[in-house]
Amino acid sequence: MSLLTEKELAAKLASLPRLRFLHLPTPLAFLANWSQYLGGPKIYIKRDDLSGVGFGGNKSRKLEFIIADAVQNNYQAIFTWGSVQSNWCFQTALAARRFGLKPALLLFIQDKKLPAARGNLLLDYLLDAKIYFHPAPPGKVVSRELALNLIKGLVPELEAQGLRPYVVSVGGSMPLGSMSLPLGAISYVQAFYETWIQAKAAGYSFTHVVHATGSGATQAGLLVGAKLLNPECQIIGISVSEERGLFAQEVWKIARATTAALDLALDIKPEEIIVFDEYLEGGYGVISKKVARTLRLLLQQEGIVLDPVYAAKAMLGLIDLINQGYFKPNDSVVFFHTGGTPALFAYGQKILNRLKK
Ligand SMILES: *Cc1c(COP(=O)(O)O)cnc(C)c1O
């Protein structure tokens, strides 16, 4: 049973406001060396790190819809939060500037001293984003409530300059603040569609998608896309920060909001969400020897740069799942490269240290 034809889905996605500033479609390529080396299923890579603007990344895809929503509703600034090396914050600041909005960022810092201007933070400075640093609660992830409350206290400062900010949650994922629809996830329904069309045109199909999951919208969107176009396809999220149960719940909530927003008669159950939390490697932003080695190996074999916080952990997960026999020999896996390249340069010394014997 098909819920929507391909054309109907395309029309639905096309009806949403969107500012097209990326170079899409991003490449979908077969990894010959890597597939042979791992000796499992065929492995393809979807290069969302090559979306053409500011080092690419999955957040830029989301921002085509999110910035359009902000512009259409007459906001003059955009306010969001994340960690110091947040890919989301940099890509938001970049897209905001590109369309004449003032970027404001609340960045959570781990220690008392001001972080070095490297990686994404360097780019935030170059974009002249208004940056507020705040200490992160020790040992815990920053809750949405805390971040939103802090932002609420800072908004008057922008408003005093005549700038009404569009407030959007970390990762552009959960619909709250000024964003009423799950626009981040919707952009990944579109990304699945884009990938599916590319594969079809090249004469193949795929049975699995593997990617790093963080705030959940990428996985939620890919899942909805798969359920519409290729229901047998499994979407496998490799968690980089949270345990499986919590994540599956987040992804499920966003997926439900997505089916509601697109008015789809799809019933997604929490059990259908596949998340692995075995590859946290010590937690968010912690770089283990295995992560550093994965990153080095793919670079040497395929010339593809992974970041150590997200994509390298997802790739580590894919390698391990292959070694465990999770896939059948005839399966085809699309690994979504979700970007994050600038962060690599903030972790340089740590990576080299892990690679010492
Ligand atoms: C944010 C991010 C992810 C996770 O995407 P979510 O939609 O937040 O789950 C994965 N990879 C990179 C490089 C990211 O920056």
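Above this text is the structure in question.
Residues numbered from 1 in each chain as written. Predicted model: local features only at pLDDT ≥ 70, side-chain atom pairs only at ≥ 80, totals over all residues. Heavy atoms only, no water.

*Asks:* Which residues make up the sheet that holds strand β9 (residues 274-276), and what are the values?
*Replies:* The strand order across the open sheet formed by 6 strands is β1-β2-β10-β7-β8-β9, and the pairing between neighbours is mixed. Looking at the sheet topology across the chains shown, the edges are occupied by β1 (28-30) and β9. Taken pair by pair, the neighbouring strands of this sheet meet at an average axis angle of 25°, ignoring direction. Looking at chain direction, strand β2 (residues 42-47) and strand β10 (residues 332-337) are connected through 6 bridges and run parallel. (Pairing = 2+ DSSP bridges. Helix = DSSP H or I, 4+ residues; strand = E, 2+ residues; numbered from the N terminus. Axes fitted to C-alpha atoms, helices over the stretch in contact; angles between N-to-C directions.)

*Asks:* Could you give an account of the site of the ligand, naming the residues involved and the relevant values?
*Replies:* Neighbouring the ligand are 15 residues, the closest being Lys59, Lys62, Ser215, Thr218 and Thr338. Between an oxygen atom of the ligand and a side-chain N or O atom of asparagine 87, the distance comes to 2.8 Å. Between the ligand and the protein, one listed contact pairs an oxygen atom with a backbone N or O atom of alanine 217 at 3.5 Å. Surface burial for the ligand is 98%, taken as the share of its 380 Å² of free accessible area covered by protein chains. When residues of the shell around the ligand are traced back to their parent elements, those giving at least two are α3 (58-72), β7 (208-213) and α8 (217-229). The greatest single-element share of the shell around the ligand, amounting to 3 residues, is contributed by α3. For the shell around the ligand, the per-class residue count stands at 3 nonpolar, 10 polar and 2 charged. (Near = heavy atom within 4 Å. Polar contact = N/O pair within 3.5 Å; in protein donor to acceptor, adjacent residues only side chain to side chain. Areas by Shrake-Rupley, 256 points an atom, 1.4 Å probe, with all protein chains shown as cover. Nonpolar A, V, L, I, M, F, W, Y, C, P; charged D, E, K, R; others polar.)

These values are about where atoms sit, not about what they do.
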